[in-house]
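Here are the chains, one letter per residue:
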Amino acid sequence: MLNLAHGLSFNDLYHRDGLLALDAAFLQALAAADATLHQQLTAARANPDALAAKQESELLIVLAPHVDDFVAGLFGIVKEVRSLSARHNELAPIFSCKRLFVQRKALHKYKADAAAAFDGSTLKNQLAAKFGEAFSELAFAQHVTRWLEAEEANAEAIDFAQRYAAWAVQTPDGKHASAGGVLFKAPHKLDVQNLVPLDTDEARGFKIFRGKPEHLRHREGFKLTDRGTDLVGALDQAHYCIWCHEQGKDSCSKGLKEKGASGKGVASFKKSPFGVTLAGCPLEEKISEFHKVKTEGHVIGALAVIIVDNPMLAATGHRIC
Ligand code: SF4
């Protein structure tokens, strides 16, 4: 049986007394690390109604790194958690480069018609030569981030990178070449009447609709038809979020309200083009706060933010949450 820190056993996690001892150990660790935060948490627990939603979110976010440290220590996985967290930080340039360079600079400078004339594979080789290492999205992001610190001195390299990014995002060949990555993928506009792109074949005098061959996925038994995503893909989604909880506008959690609605009842929410009430997460999980904590590399703290509203996450989380 796994022995836990703080004199606890694995069995304690299944009993109220054990959980109370666990909570006491957490509070003690928090008090030792940050007395003010410990005080804030105990005050919030004593009078939860006194806390506005935004204050509650802020409290959970600042507690997340402490939850990370405590749970890692509890299970003896400090090294593993640190290394996972470090991997989050190592990948961070990809997401800042995507927002600040690819989307704000490259796509503004070179529109689709200009990008169509670029030779992507030559640009890729030129960039790899400038990097001094093989081309990868992480290498692109790391080098471009460094080049931008001295834009004039690196003008030629930056221009290669802008051309390559414009080509990769906007041309069919570029999209194909970067299909497995995240750096050169832009969200596309939704055509709600054509959510599933189909080819139409009228050769036989009637219409046959066919899904795109590249979208075809075979189902094996009851398994899902895709393998989900990896850490890079998950972080790409988390970084796409703009943390609307800071303005109280996190519709993913609280629903999309009609203008001026009180927020009570079905009528106060907007409807999708298909008439579905957009009431947000039925559990009001703190999705925005979770994304923020995840992007900061606090992996256990991020999970804990969701568990506050959905303790069954381990069972429902795979694809639902
Ligand atoms: S996921 Fe939620 S918080 Fe993030 S951008 Fe979408 S609505 Fe806003």
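Up top is the structure these notes are about.
Thresholds, definitions, all that
Residues numbered from 1 in each chain as written. Predicted model: local features only at pLDDT ≥ 70, side-chain atom pairs only at ≥ 80, totals over all residues. Heavy atoms only, no water. Helix = DSSP H or I, 4+ residues; strand = E, 2+ residues; numbered from the N terminus. Buried < 20%, exposed > 50% of the residue type's maximum accessible area, 1.4 Å probe, protein only. Contact = heavy atoms within 4.5 Å. Near = heavy atom within 4 Å.

**Q** Hey, could you go over unusual backbone geometry for me, with residue numbers and the actual values?
**A** In the Ramachandran plot, Trp-243 falls in the positive-phi region, its phi being about 55° despite a non-glycine side chain. You can see Trp-243 is positioned in the loop between helix 10 (231-240) and helix 11 (251-254). Residue class for Trp-243 comes out partly exposed when judged on its relative accessible area of 25%. Positive phi, normally seen in glycine, also occurs at Glu-284, with a value near 50°. Tracing the backbone shows Glu-284 in the loop between helix 11 and helix 12 (287-295). The partly exposed category is assigned to Glu-284, whose relative accessible area is 46%.

**Q** Give a detailed account of helix 10, specifying residues and quantitative values.
**A** Of the residues making up helix 10, those classed as buried are Val-232, Gly-233, Leu-235, Asp-236 and Ala-238. Contact partners of the buried residues in helix 10: helix 4 (78-109) and helix 12.

**Q** Talk me through the site of the ligand; I want residue IDs and the actual numbers.
**A** Neighbouring residues of the ligand: Cys-241, Ile-242, Cys-244, Asp-250, Ser-251, Cys-252, Ser-288 and His-291. Listing elements by their share of the shell around the ligand, those giving two or more residues are helix 11 and helix 12.

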